[in-house]
Each structure stands twice: as structure tokens, then as C-alpha cells.
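Structure assessment
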Amino acid sequence: MAKGANNKKKNAASLFFEAIGNGFKEIGVTFAEGDIKTKLSFLIFGLGPILRGQILIGVALLLCEVLFFYFMAGFGWQYLSKFSTLGTVATKKVGRKTVYGDNSFLILLFGVLCIFAIIAFIAIWYINVKENRKEELLLKAGKKLPSNKDVFMSLFDKNFHKTLLALPVTGIFVFTVLPIVFMILVAFTNYDKNHQSPSNLFTWVGLDNFKNLVSFSGAGIGPTFLQVLLWTLVWALFATFTNYFLGLAVAMLINKKGIKFKKLWRTILVLTIAVPQFVSLLYVMKMFANDGLINGYLIKWGIIKSYIPFWTDPMLARITIIVVNIWIGIPYMMLIATGLLMNIPEDLYESARIDGANPWQMFRSITLPYMLFVTGPFLLTQFTGNLNNFNVIYLLTQGKPQSVNLAEKAGNTDLLITWLYKMTVNDTNYRMAAVIGIMVFVVTAVISLVVYNMLPSVKDEEGFQ
Amino acid sequence: MKSYKTKRAIGNIIGYIILILISIIWLFPFVGLVLQSFRSYATEYGGMVDYLVPKQFSLDNYKFLFDTSQNNYLLWYKNTIVIAVFVSIFQTIIQLCVSYALSRMRFAGRTFLMRFWLILGMFPGFLTMICLYFLLKQFGLTQAGAIPGLILVTVASCGMGYYVCKGYFDTIPKALDEAAMIDGATRARIFFTMIIPMSKPIIIYTALVAFMAPWCDYVFASYVAFGHDTSYNVAVGMTRWVWTNDYQGYFTRFCAGGVLVAIPVTLLFMFLQKYYVEGVTGGAVKG
């Protein structure tokens, strides 16, 4: 298995290099065999297409080149040139006036933008070369080039995907890719509350933050990180599987023959999906509070003498969170299971019954294998979703109760993700927040990859069909 | 035969008992929420008490919410509706576009794009908060301009959530597209006149999910609107009531506000439940 995967990787890598090699070869051939229009296009984008009458493509390419140089000269270069140091001129106070120096934040952000711009520029240059080659070959073969109108109309037909994807891809680039790359780089700087731009500079520190994360001596936050990570995994495991099995059980109960008002039961359960979580979770949080309803009634009825510290005792808080999460999660699983249970052929149960199987045996050998098979990917997404389940934890406990044993103000019920949030918002400790963010990614990615390849529905797609 | 019947009846009775217990547990918080929202603010304490049914029913808390001189609840409510409506519209359009392109068309870089987005999705969203805040600030879309800012950020990155919608498109036979193309229809025409009319369930599902999400958006909304009371949404505003002001008796006001938020959203959800169930079930199996 592992060997096969290795081979595959090698193939992918060699294919990749082959593709690059071919690309360079094509560029060379284009230049060598090209006419003067093509050769000039290597410097002035789109000149060839314009001279050949492909105004639309040519102008678009030329515009890209002009924009790039305009951007780099007028805006980008001042940031990119300082990228290696993230600025050296500190902000000073001269008399009463503040003289602003370099802004490390802007330098990092726009530096990243410039690097992307350069990559895009090279890509467009390559597209430009290929376009020239394509046109020349077409003309050599005696064919006519498509008219400008054809080119434009193809955006609604053959090239419709470009029209459809242009906006989403741009949006994702600016508001997801750029910020993520920025934050990954922040993990290698000392950007924290003592190095806030614009009044202070921050700079590259290499792997210091990662060393801090795994250092178990002195001021290192290794022990805290381990504890939070462990709780995150335990939480995700419990949250996913309690919901899964209990939800399945409830769905089967409602589906059971002889139970009436099926719709009513389902509607009652579904309420927790419909009501916005911040309303229901905050109310439940208050219900379990030390001075809340549950403690109030239990004391009034004389069952307990003093309140139960649902949220203030570390262990109890963890258990309460998992229980409340069951309340939130069962309906969702119930909905999914209800739909899927109906897909199991009735005659399977019929023949099992004839063979004298009891309900538990039928569940174990028919229902469960089928459900696990079909919902494997769903379980995985639920698990990774729970690793990052911010709402439930934060609205219920905000990661509290606090502990003196934990560094960086982590609480006993903090997940990595709520810890990250608190570092960002409360402590402005961006560098460690970025490191934690990368760790969350690593954990999610590793678990997804490993489990995904083990899923029966991925290994054997036809299994239950 | 008789024993089988009695066995079955006992089984059903146990089933009903469990279901009734479950119903009580599930409904209790909501009943509590409604009851406590009617507790009088003037004659009884507005904070936490140890009894469920108020001694005297009153509309004090609701009156407070509608009193614009004392708080901005109505404004928060309006903000949330504006965000929800715009996000719902644009997110649906964008996800339909992305899904069609990825489901129906084969082009260079398609697999790369899908893998790349899958990996991007594994990064925690909050990681990018600081950077997004700064980007929005450049355009003046924080604090006072937080509402369009929130819409922009949500809509800009929603293209990655195409899975359910694409899964639905994948089930529409490709032969239909091919037949239409033989008749000379362009891709755009197929998309607008054939696929979209056939996708009513998934459009409703996408719009519903997109509409409901902003009602719970606390994290990013509170960060972008930081300290600017008039651009809060209900989640940000009311969460602050519970966390910082409940000793002043804001708890019952929170309950009242919660009821007003929950009613329209819940009704809408119940009304469109069928589509929601179809969407999540399909999405869960496709993974």
C-alpha cells in the first residue's frame, strides 16, 4: 500500500517536471520559429495578437502588463524592497509630533501581494507566448483566426467557466488566500503586543515561535499546548460519536413501526437547528450557571445543599459541554439518519427476521454497517468540524474555567481554535496565534488524509450498491 | 402470537416514554426562554432567579427592546436582516456559478482548483481575522461600515462551500446538456434556462443556509464592528447583554430579544424544512 502511494507520488512529481520541461521547450520553439510579431510579444504582451487582428485578447494581455508595471512602480516596490527586514526605520517622537517610520504590517501584507503579482505576471507572460504560438500555427495551417466577436461569445459557451469562476476565485484570493499566506508568515515573526505596528517594528525571527510551542522548560508553552490539543481531540471524538450513535438511535426509535406522530417528534427535535445557536446556547449556559435554573430548583427541592459548579469545575465543565452538545447535535444526525434508514432495503430485515435474528443482531449486522459505510465521509467532516467547533465552546464557557497551570491564558475547556481566538482578540499575541492556527491546520489535514484513505466507501465505492 | 403483540405494545410504550422525555428535554430551554421573557422587569428582578414561571406576566422587556432611546436592539435587528438577505442572495448566485462550472465543465486546472480549495478549507477561519480586519479598514468597511464589510467578506469566500450544490448538479443527467448543445444552445443558455429552473430545491437550501448563518455570527461580526454599537448584529449586541450586563437585569431582556430573533428564523426554517433535509442528507452521503 505504502509502496503504491510512493510510486504514485513519484509519478506525479515526474509528470510535473515533465510539464515544466515541455513548457520551457515550447517557449524556446515559439521564439525560434516565431515571426517578428511573436518575438516582439515576448517583451510587449499581446502585440502579436493585436497585429493579427485579435484585438480583444491582445489588449487584455497588454493591459495586464501595463497594470503590473504601474502597480509595482507606483505601489508595490516600496514594500517589496523592505520585505527581507520588514522595515528598519522606527517610528519616533520628534517634539510633540509623531514621525512615522516603516510599517511592518503593511510591508509584510503588500510584500506578499507583490510576490503573488509577480507569479501572476509570469503566468500571463506564458499565456501570452502560448497564444502567439497558437495563432501562428493556425495561420500556417491556412485556417482563419476566430473573430473578436467569436472570442467574446466563447466566454458564454466554451469558456463559460472563466466567466463563472472569475469573481469567486478573485474573492477567495483576496479574502482567503492572501490573509492565510500573510498569517503563515506572521508565525515566523515577532508580531505581538510589544511589536505593534505602526508604532513599533516587528521582524523575522525564524522558527523561534515554533520552538516556544514545543518547549517544556521555563516560559515555553509546550505543556499547555499538549493539554489543549489533547482536550481538543477528546472533545471532537466524544462530540462526534455521542451525536452519531444517539442520533441514530433516536432516528430508529421514531422510525419504528407502531410509533405515531412521527412528524411531531421530528419537529420538536429540529427546533434546536432552527433557533439561532447564540440564543439557545446562551440560554442553556445561563440555565446551568451556579445561580441558574437547574441549581435553583435542585436546591429548592432539597436534592443538593449547595450549587453544582457546572461551569466552574474543570472536569464537570467538560462533561456538561459534551452533554449540551448532544442536545445540539442529535437533531442534525436524526435528520440525516432518517433519510438514510429508508434506503435500506426492507427485505434484508425481512429475511433476517425469518432467520430468527433479534433486533440487536439486525442492528449490528445490517443497519450499522450500512450507516457506517454510507456516512463515513460525513463522520470525517463532522470530526474535523468539531475540532474547530468554536460556537459551542465559546458561547458556553469561553474556554473557562481558567487555570494557573496553563500558559497564555488558556482555560480548561479551550479548544485550539478558541485559544487562538483569545490570543488574537484579548492578547494581540499574533505570532503565537498564527503558530496555533498552523497547528490546527496540520492536525485537521493529517486526520483527514489518514482517515479518508481508510474509509470503506473510498476504498470500495461499489460496496453497498 | 399474543405474546408477540404484547411484547410489541410494551416496546411501543417504552418508545413513547422515551420520546416524551426527549421532547421535554428538548423543549425545556425554549419554554424557559419564552416564560422568562415575560417576567416583569419593574416588579421582579430582571437578572437570574431560581424559578421558571414568572410571578407576574408583563411586556416590560419587549417594550424595552422597542424603545430606541434606551438601546439599539431594533437597529441590530435591521442590520442582521440586511446582512442575511444580501449574503443569502449573493452566496446563492456564487455557489450556483461555481457548482455549475465544476460539475459540468472540464477545463485545465479544475482538479487543482478543487484540491486547493479543499486544503484552504482546513485552515481555521479565525486565523485570518486580523488581516481581514485590516483589509476591510483600508476600504472603510469596519466599525461604521461594518455591515457592508461583513457582507463582502462572507460573500467573497463562499465559493469554497460548493459541495452540496455541486453534488446536486452531478445528479442531473449530462445527456440533457448534450442534447441541448446539439440543438445549438450555448453553455450560458443551458445554465440559465435549463439547470437553474431544475434546481429549485438546492437553490432554496443554499439560500436558507446562507440566510440563517448571519444570525449566529458572533466572532467576526464583533471583531469588525468593535466598539461601534450601531453596527452590531443581534448576536453581538445581545451576547454582550448576557456576558457583561446580566447583573443589571439584562437577562430577561436577552430572553425577550432571543424570542423575537428565534420566531421568524424558526418559522422560515420549519416552512422550508423539506428542502433543508434534502440538502443535508444529500450532502452527508456525498461527503
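Residues numbered from 1 in each chain as written. Chains lettered and ligands numbered in written order. Predicted model: local features only at pLDDT ≥ 70, side-chain atom pairs only at ≥ 80, totals over all residues.

**Points about the overall build of chain B**
Filter applied, for reference: Strands are runs of DSSP state E lasting at least 2 residues, helices are runs of H or I lasting at least 4, and numbering of each runs from the N terminus. For the radius of gyration, the atoms used are the C-alpha atoms, and the globule rule reads 2.2 Å times the number of residues raised to 0.38. Counting other C-beta atoms within 10 Å of its own, a residue is labelled buried from 20 upward, exposed at 12 or fewer, and partly exposed in the gap between, with every C-beta atom placed from the backbone. The contact criterion used here is simple: two residues whose C-beta atoms, placed from the backbone, lie within 7 Å are in contact.
Secondary structure summary: chain B contains 14 helices and zero strands in total. Written out in order from the N terminus, the α and β elements of chain B read α-α-α-α-α-α-α-α-α-α-α-α-α-α. Against the globule reference of 19 Å for 287 residues, chain B gives a C-alpha radius of gyration of 24 Å, more extended than a compact globule. Taking the principal axes of the C-alpha coordinates as reference, chain B spans close to 75 × 75 × 30 Å. Out of the 287 residues in chain B, the part that is buried amounts to 43%. Pairs at least 24 residues apart make up 72% of the contacts formed inside chain B by residues separated by at least 6 positions.

**Section: the overall build of chain A**
Regarding its fold elements, chain A presents 19 helices and two strands. A compact globule built from 465 residues would reach a C-alpha radius of gyration of about 23 Å, whereas chain A, at 30 Å, exceeds it by more than 25%. By its C-alpha atoms, chain A is 95 × 80 × 45 Å across when sized along the principal axes. Residues counted as buried form 34% of the 465 residues belonging to chain A. Taking contacts inside chain A between residues at least 6 apart in sequence as the whole, the part at least 24 apart equals 62%.

**Overview of unusual backbone geometry**
Peptide bonds are trans in most cases, and residues, glycine excluded, mostly fall at negative phi. Put simply, Lys400 of chain A and Pro401 of chain A share a cis peptide bond, and its omega is 0°. Inspection of the secondary structure assignment puts Pro401 of chain A in the loop between helix H16 (390-396) and helix H17 (416-425).

**Focus on helix H13 (residues 314-341) of chain A**
Spelled out, the test is: To estimate the expected span of a helix, subtract one from its residue number and multiply by 1.5 Å. What the bend at a residue measures is the angle between two axes, fitted to the seven residues ending there and to the seven starting there.
Taking 1.5 Å per residue, 28 residues should reach 40 Å; H13 of chain A reaches 38 Å between its end C-alpha atoms and fits that length. Along its length, H13 of chain A shows its largest kink, about 35°, at Gly329 of chain A, and proline Pro331 of chain A lies within four residues downstream of that point.

**What about the confidence of the model for chain B?**
Parts of the model with low pLDDT should not have their predicted coordinates read in detail. Residues and elements named next belong to chain B. Threshold: The predictor attaches a confidence to each residue, and that confidence, scored 0 to 100, is pLDDT.
On average, residues of chain B carry a pLDDT of 86, and 96% of them reach 70 or more. Between the elements of chain B, mean pLDDT differs from a low of 77, seen in helix H14 (residues 273-286), to a high of 92, seen in helix H3 (residues 73-104). Reported confidence for the predicted complex is 0.88 by ipTM and 0.86 by pTM.

**A look at the interface of chain A and chain B**
The interface of chain A with chain B comprises 76 residues on the first partner and 68 residues on the second. Of the residues forming the side of chain A that touches chain B, the biggest block, 16 residues, is contributed by helix H7 (residues 160-186) of chain A.

**Re the nonpolar core**
Stated formally: By definition, a nonpolar core groups buried Ala, Val, Leu, Ile, Met, Phe, Trp, Tyr and Cys residues that connect through C-beta atoms lying within 7 Å of each other. Residue ranges labeled as domains rest on an automatic or database domain assignment.
One finds Leu416, Leu420, Ala434 and Ile436 of chain A together with Leu150 and Ala235 of chain B to be the most contacted residues of the largest nonpolar core, which totals 172 residues. Top element by residues in this core is H3 of chain B. It accounts for 12 residues. When residues are assigned to domains, this core turns out to be shared by domain 1 (2-61) and domain 2 (68-283) of chain B, each giving three or more. The residues touching Ala235 of chain B, leaving out its near neighbours within four places in the chain, are Phe278 of chain A together with Trp215, Cys216, Asp217, Tyr218 and Ala221 of chain B.

**Regarding the environment of Lys305 of chain A**
All names here are of chain A. Tracing the backbone shows Lys305 in the loop between helix H12 (293-300) and H13. You can call Lys305 exposed: it has 7 C-beta atoms within 10 Å. For Lys305 and Ile294, which are 11 residues apart along the polypeptide, the C-alpha to C-alpha distance reads 13 Å.

**A look at the domain arrangement of chain B**
Residue and element names in this part refer to chain B. Segmenting chain B into domains produces domain 1 (2-61) and domain 2 (68-283). Computed over C-alpha atoms, the centres of domain 1 and domain 2 are 32 Å apart. Each partner contributes residues to the interface: domain 1 has 11 residues there, and domain 2 has 11 residues. No other element matches helix H1 (residues 2-37), which puts four residues into the side of domain 1 that touches domain 2.

**Considering the packing of H7 of chain A against helix H18 (residues 430-454) of chain A**
All names here are of chain A. Spelled out, the test is: Angles run from 0 to 180 degrees between N-to-C directions of axes, and those axes are lines fitted to C-alpha atoms, restricted for helices to the stretch in contact. An angle below 35 degrees is treated as roughly parallel, one above 145 as roughly antiparallel, one from 65 to 115 as roughly perpendicular, and anything else as oblique. Two helices that cross are described as forming a left-handed crossing if the nearer one is turned anticlockwise from the farther one by less than a right angle, and a right-handed crossing if clockwise. Amino acids outside the nonpolar list (Ala, Val, Leu, Ile, Met, Phe, Trp, Tyr, Cys, Pro) and the charged list (Asp, Glu, Lys, Arg) are all regarded as polar, and Gly is one of them.
Remark: H7 packs on H18, axes separated minimally by 8 Å, with the N-to-C direction vectors making an angle of 115°. With respect to each other, H7 and H18 are oriented roughly perpendicular. For the pair H7 and H18, the crossing hand works out as left-handed. Contacts between H7 and H18 pair Met183, Ile184 and Val186 from the former with Tyr430, Arg431, Ala434, Gly437 and Ile438 from the latter. Counted by class, the contact of H7 with H18 contains six nonpolar, one polar and one charged residues.

**Some thoughts on the confidence of the model for chain A**
Residue and element names in this part refer to chain A. With 96% of its residues at a pLDDT of 70 or more, chain A has an overall mean of 84. Taken element by element, chain A is modelled with least confidence in helix H19 (residues 456-459), mean pLDDT 67, and with most confidence in H7, mean pLDDT 91. The low-confidence segment residues 1-5, where pLDDT is below 50, has zero contacts with residues more than four positions distant or belonging to other chains.

**Here we look at helix H5 (residues 104-140) of chain A**
End to end, H5 of chain A covers 54 Å across 37 residues, agreeing with the expected 54 Å (1.5 Å per residue, within 8%). Among the residues trailing H5 of chain A, Gly142 of chain A stands out with phi positive, at a value near 80°.

**What about the environment of Pro369 of chain A?**
All names here are of chain A. With respect to the helices and strands, the residue Pro369 is situated in helix H15 (residues 359-387). Classification of Pro369 by C-beta neighbours within 10 Å gives partly exposed; the count is 14. Linking Pro369 and Leu248, residues 121 residues apart in sequence, is a C-alpha distance of 13 Å.

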